[in-house]
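Here's the letter readout for the chains.
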Amino acid sequence: MNSSKSPGLAGFGVLKNTTCHTEKKISVFFSIIFMTVGILSNSLAIVILMKAYQRFRQKSKASFLLLASSLVVTDLFGHLINGAIAVFVYASDKDWIRFNQSNILCSVFGICMVFFGLCPLFLGSVMAVERCIGVTKPIFHSTKMTSRHVKMMLTMVCLFAVLIALLPILRFRAYQIQASRTWCFYKTEHVEDWEDRFYLLLFSCLGFLALAISFLCNAVTGITLLRVKFKSQQRQGRSHHFEMIIQLLAIMCVSCICWSPFLVTMARIGINEGRSKETCETILFALRMATWNQILDPWVYILLRKAVLKNLYKITSGCCGVHVINLHMWELSSIKNSLKVAAISESPGGSKQMNLQPLNSMGQ
């Protein structure tokens, strides 16, 4: 049925004419596991961030703490809301006609899927931009990148993600129940209207744009840190540079691997007007891959600490038999190192200029 004319019955045609042969127990198992692991990991990351902010807030603005906190809070609420709705749908035996007569639940589910899908990608790109400015232009970052500016950027990012999620509702286009009958999203079957194609392509393009910005900024940051590490005569901060490079590589790999299948699938459906060969199982697999990005975010950004890198170094050096870095140079964890550098960059006096001179010369 035409969703623009009958939004209350949107998606019911999919329920009658299309089936997705997925086993219920396996699907319920995946939903519960994803939700539980995501809630636990993000909750742990929030606790660590709160303790770090309580300890170091007098020393630095710690803009990266605000961005990281926003990221893990967004991921946490995404797992709570989307996971709770998915479990309710499974518990109701996926009988949408019985509990979704007015299509309100499907609309809420679709809005949450779009918002909590795009917002972490946007936040990741903002973190990459902020980190790139902090490394290449430290003086500008310490004087201009205040907590007020960071909060303004966070507000703009959230409002933009909300606007994209509400766009179909504002255009009187209801979100559709997907073929698996377990989630709601843009129309992905029998896409004939240009507006339905536009939503799919818009979602994919924004996601790829966020990944491209993150990749570009992280590449610039990584190259700058490597140049400082190998050309600078000062030994201070080398462990921090090593940690940052590892984190940047992990961020890029996790984001690209987890989100690329889903974004490519949605783009192909939009380009082929819904006549692509993606099956229901393929779309569900791509969706679960994207969900793993929200599960791994806190571990990549916050919990990838000195102890983990030490163990990786020992395993690598044991296999290769090569001594690459002096482990005695590790002094602080990744969070403490980041806060220490931020505090030094914002402190007045000669130490500020001395510590920022290598990075500033590279940024020029």
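As a convention, each chain's residues are numbered from 1 in the sequence order in which they are written. In keeping with the model being predicted, local features are shown solely for residues with a pLDDT of at least 70 and side-chain atom pairs are shown and tallied solely at 80 or more, while totals for entire chains, interfaces and linings include all residues. The basis for the side-chain values is all heavy atoms of the structure; hydrogens and waters are excluded.

Chemist: Tell me about the packing of helix α3 (residues 63–91) against helix α5 (residues 104–136), and name the residues and values.
Modeler: Their axes nearest at 10 Å, the elements α3 and α5 cross at an angle of 160°. When the axis of α3 is compared with that of α5, the two are roughly antiparallel. Regarding α3 and α5, the two cross each other, and that crossing is left-handed. Per-class residue counts for the contact of α3 with α5 are 20 nonpolar, five polar and two charged. For helices, the fitted line uses only the C-alpha atoms of the stretch in contact; every axis is such a line through C-alpha atoms, and the angle between N-to-C directions lies from 0 to 180 degrees. To qualify as a helix, a DSSP run of H or I must reach at least 4 residues; to qualify as a strand, a run of E must reach at least 2; elements of each kind are numbered from the N terminus. Any angle that falls under 35 degrees is termed roughly parallel, while one over 145 is termed roughly antiparallel, one within 65 to 115 roughly perpendicular, and all others oblique. Crossing handedness: left-handed means the near helix sits turned counterclockwise from the far one by under a right angle, and right-handed means the same turn made clockwise. Under this grouping Gly is polar, as are all residues other than the nonpolar Ala, Val, Leu, Ile, Met, Phe, Trp, Tyr, Cys and Pro and the charged Asp, Glu, Lys and Arg.

Chemist: So what's going on with the nonpolar core? Residues and values would help.
Modeler: Residues enter a nonpolar core if they are buried and are Ala, Val, Leu, Ile, Met, Phe, Trp, Tyr or Cys, with the set joined through side-chain atoms within 4.5 Å. To sort residues, take the accessible area from a 1.4 Å probe on protein chains only and compare it with the maximum for the residue type: under 20% means buried, over 50% means exposed, and anything in between is partly exposed. With 63 residues, the main nonpolar core has V114, W183, F185, Y186, F203 and F262 as its most contacted residues. Residue contributions to this core peak at 14 residues, all from α5. Residues are treated as being in contact if the distance between any of their heavy atoms lies within 4.5 Å. Discounting chain neighbours no more than four positions away, the residues touching Y186 are V114, I164, P168, Y175, Q176, Q178, Y199, L200 and F203.

Chemist: Help me get a handle on the confidence of the model for the chain, residues and values and all.
Modeler: The pLDDT value expresses, per residue, how confident the predictor is, ranging between 0 and 100. Per-chain confidence: the chain averages 75 in pLDDT, with 67% of residues scoring 70 or above. Mean pLDDT across the secondary structure elements of the chain bottoms out at helix α13 (residues 350–363), with 43, and peaks at strand β2 (residues 184–185), with 94. In the predicted structure, residues 1–10 sits below a pLDDT of 50 and forms 20 contacts with residues beyond four places in sequence or in another chain. Note that pLDDT drops below 50 for residues 327–364; the model gives that stretch 79 contacts with residues more than four away or on any other chain.

Chemist: Let's hear about the packing of aromatic side chains: which residues, and what values?
Modeler: One pair of aromatic rings is described through two measures. These are the centre distance and the angle between the planes. In this analysis, rings of Phe, Tyr and Trp, with Trp reduced to its six-membered ring, are considered paired at centre separations within 6.5 Å, and the interplanar angle assigns stacked below 30 degrees, edge-to-face beyond 60, and tilted for intermediate values. Using the criterion set out here, one finds 16 aromatic pairs in the structure. The interplanar angle of 55° and the centroid separation of 6.3 Å between the aromatic rings of W183 and F262 together place this pair among those described as tilted. Pair noted here: W183 is in the loop between β1 (176–177) and β2 and F262 is in helix α9 (residues 238–271), with a separation of 79 residues, a long-range link. Pair check on accessibility: W183 and F262 agree, each one buried. An aromatic cluster of at least three residues, connected via ring pairs, comprises Y175, W183, F185, Y186, F198, Y199, F203, W259 and F262.

Chemist: How would you sum up the packing of α5 against helix α7 (residues 147–170)? Please name residues and give values.
Modeler: Put simply, α5 and α7 touch, their axes get as near as 9 Å, and they point 150° apart. With respect to the hand of their crossing, α5 and α7 are arranged in right-handed fashion. In this structure, α5 contributes S107, I111, V114, F115, L118, C119, F122, L123 and V126 to the contact, and α7 contributes M153, L154, V157, C158, F160, A161, V162, I164, A165, L166 and I169. Its residues assigned to classes, the contact of α5 with α7 shows 19 nonpolar, one polar and no charged.

Chemist: Got a sec to walk through the pattern of salt bridges? Specific residues and values, please.
Modeler: A carboxyl oxygen of Asp or Glu within 4 Å of a side-chain nitrogen of Lys or Arg is what we treat as a salt bridge. Within the structure shown, the criterion is met by five salt bridges. In this structure, R98 engages D95 in a salt bridge whose closest nitrogen and oxygen atoms are separated by 3.5 Å. With a relative accessible area of 54%, R98 lands in the exposed category. In this structure, the salt-bridge partner of R171 is E195, at a minimum N-O distance of 2.9 Å.

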